[in-house]
Amino acid sequence: MNPSKKFASQADLEEKMVSFKQISEHAWAYTAEGDPNTGIIIGDDAVLVADTQATPAMAADVIRRIREVTDKPIKYVVLTHYHAVRVLGASAYEPQQILASQDTYDLIVERGEQDKASEIGRFPRLFRNVETVPAGLTWPTMTFRGKMTLWLGKLEVQLLQLGRGHTKGDTVVWLPQERTLLSGDLVEFDATPYAGDAYFKDWPQTLDNIAALNPLALVPGRGPALVGEKQVQAGLAGTRAFVSDLYAAVQAGAAAGLDLKTTYKNAYAQMAPKYGQWVIFDHCMPFDVTRAYDEATQYPDPRVWTAQRDIDMWHALEG
Ligand SMILES: [Zn+2]
């Protein structure tokens, strides 16, 4: 480890190349080399966007791409979970409804303000033109528990909670007719899963529940769109392996009575050879190990990250 490692991703300033690609009859993927993705469903009479980008200025680029392929109204924005980098661009779409699980709504109430400040501090590049974010928080206008079905004309769109994982409120968007899934951060590909707000014990089962749908195409939270059963299974397996390996390493440290810093060093050394080349590995590891250590010891639910707690943790583990 490099003792002068800059906090989180404050040193990550290089812009990524965006790609906008059709992955099934009604679904498109807006991806950016490991930066947060947006999934787009174009139905018979309306467009649905899942995860908004971090600012309205950045969402404007998504809208520009959508307008290259359709002039149907963007009626629905789905928040797969509460993280600021996924939700603060919502206003740009001027949607009729902003949809989220009730669990996600509850997390916005409980920790939305702190999360906004914390995320902007961690990753300034991902909040381009942050001044375009309206004051306050992005609030869902409709919520559901477990499952909600939308009909975009004849196209069935299901919003499903398949279990906890990346957060308590994780929602996936599922098109049963073409077996296409937008996963949010429950699945990543060639990118490190952020697990600072995760439920490590539940996440693998939730991935199994996604696999049981047998998707033919999947837009992960980060990384390229996965097309074909083989790529989808690779994405699910990679995420499952990371989450399981990390939790096993941390649990072993906690069970042996090691403190957090020692456990972090051991876990980092174990994980780096296999996963160190995934984007944001160094950014995620301190947060992921801290949460895993919490879950393995005395905190069944993730503690709130504040901008100050972020910095204190970073100094404790990387200082
Ligand atoms: Zn997230």
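Residues numbered from 1 in each chain as written. Predicted model: local features only at pLDDT ≥ 70, side-chain atom pairs only at ≥ 80, totals over all residues. Heavy atoms only, no water.

(A) Local environment of the pattern of salt bridges. Going through the model one piece at a time under the given rule, you end up with 16 salt bridges. The residue Arg64 makes a salt bridge to Asp61 at a minimum N-O spacing of 2.8 Å. Of this pair, Arg64 and Asp61 both sit in helix H1 (residues 56-69), three residues apart, which is roughly one turn of the helix. Its relative accessible area of 42% is what places Arg64 among the partly exposed residues. For Arg111, the salt bridge identified is with Glu110, shortest N-O distance 2.8 Å. Of the residues examined, Arg111 reaches a relative accessible area of 7% and is grouped as buried. Residue classification places Glu110 among the partly exposed residues on the basis of a relative accessible area of 45%. Beyond isolated ion pairs, a larger network of salt bridges with shared partners links Asp61, Arg64, Arg65 and Glu68. (Salt bridge = Lys/Arg side-chain N within 4 Å of Asp/Glu carboxyl O. Helix = DSSP H or I, 4+ residues; strand = E, 2+ residues; numbered from the N terminus. Buried < 20%, exposed > 50% of the residue type's maximum accessible area, 1.4 Å probe, protein only.)

(B) Here's a closer look at the environment of Arg145. With respect to the element layout, Arg145 can be found in the loop between strand S7 (142-144) and strand S8 (147-152). Apart from the residues within four sequence positions on either side, Arg145 is in contact with Gln102 and Gln161. (Contact = heavy atoms within 4.5 Å.)

(C) Looking closely at the packing of aromatic side chains. Overall, the coordinates contain 11 aromatic pairs when judged by the stated rule. Where Phe287 meets Trp314, the ring centres are 6.3 Å apart and the plane angle is 45 degrees; that geometry is what we call tilted. A residue pair is termed long-range when its members are at least 10 positions apart, and Phe287 in helix H7 (residues 281-296) and Trp314 in helix H8 (residues 307-318) qualify at 27 residues. Lying across the ring of Tyr199, Arg291 places its NZ or CZ 5.7 Å from the centre. (Phe/Tyr/Trp six-rings, centres within 6.5 Å; stacked < 30°, edge-to-face > 60°. Lys NZ or Arg CZ within 6 Å of the ring centre and 35° of its normal.)

(D) Structural view of the pairing of strand S2 (residues 27-32). The buried fraction of S2 is high, at six of six residues. Judged by which residues are buried, S2 turns out to be covered on both faces: Ala27, Ala29 and Thr31 on one side and Trp28, Tyr30 and Ala32 on the other are all buried. For strand S1 (residues 19-24) and S2, the ladder comprises five bridges, and the chain directions are antiparallel. Across the sheet, residue Ser24 finds its bridge partner in S2, namely Ala27. Between S1 and S2, which pair antiparallel one after the other, the connecting turn spans two residues. Across five bridges, the pairing between S2 and strand S3 (residues 35-42) is antiparallel. Bridged to Trp28 within S3 is Ile40. Where S2 hands over to S3, the hairpin turn is made up of two residues, of which Glu33 adopts a positive phi near 50 degrees. (Pairing = 2+ DSSP bridges.)

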